[in-house]
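This is what each chain is made of:
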Amino acid sequence: MLKGILSVLMLIASNVFMTFAWYGHLKLQEMKISEGWPLIVVILFSWGLALFEYMLQVPANRIGFVGNGGPFNLLQLKIIQEAITLIVFTVFTVVLFKGQPLQWNHFVSFVLILGAVVFAFLK
């Protein structure tokens, strides 16, 4: 149980870094901080953030994997990861990019994805 909780918490933290690595530069550009940065600098900045993502995601998968004493098989780990990614991305978008409204179809999509998580754990 503890390994599962630790794995999920680490996956959440890794997704925060991943989301900032993939989309944070767009907010920096919007704020006029990285507006003049060459693309290579933006890429290197994102890689620097992604390093922390990997430093959390790799151990999270090792800890959570059933082959290492964790509670999740590979498919369950991946589906958990994808659900976390969408939740973190949604929070990121709503909080930092206020002009991106959530619509009814987004909510339906999220419910369907969470349904996928439930189905992944059925025996």
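Residues numbered from 1 in each chain as written. Predicted model: local features only at pLDDT ≥ 70, side-chain atom pairs only at ≥ 80, totals over all residues. Heavy atoms only, no water.

This part covers the overall build of the protein chain. A tally of regular secondary structure across the protein chain gives 4 helices and 0 strands. Taken from N to C terminus, the helices and strands of the protein chain fall in the order α-α-α-α. For the C-alpha atoms alone, the extent of the protein chain along its principal axes is close to 50 × 35 × 20 Å. The buried share of the protein chain, reckoned over its 123 residues, is 30%. Within the protein chain, contacts between residues separated by at least 24 positions form 74% of all contacts whose residues are at least 6 apart in sequence. Just so you have it, the protein chain exposes about 8,200 Å², and 76% of that area is on carbon and sulfur atoms. (Helix = DSSP H or I, 4+ residues; strand = E, 2+ residues; numbered from the N terminus. Buried < 20%, exposed > 50% of the residue type's maximum accessible area, 1.4 Å probe, protein only. Contact = heavy atoms within 4.5 Å. Areas by Shrake-Rupley, 256 points an atom, 1.4 Å probe, with all protein chains shown as cover.)

The next point concerns the packing of helix H1 (residues 2-30) against helix H2 (residues 39-64). Between H1 and H2, whose axes approach to 8 Å, the crossing angle comes to 170°. Classified by the angle their axes make, H1 and H2 are roughly antiparallel. In this structure, H1 meets H2 at a crossing whose hand is left-handed. Among the residues forming the contact of H1 with H2, the class breakdown is 18 nonpolar, 7 polar and 2 charged. (Axes fitted to C-alpha atoms, helices over the stretch in contact; angles between N-to-C directions. Parallel < 35°, antiparallel > 145°, perpendicular 65-115°, else oblique. Left-handed = near helix turned anticlockwise from the far one by under 90°. Nonpolar A, V, L, I, M, F, W, Y, C, P; charged D, E, K, R; others polar.)

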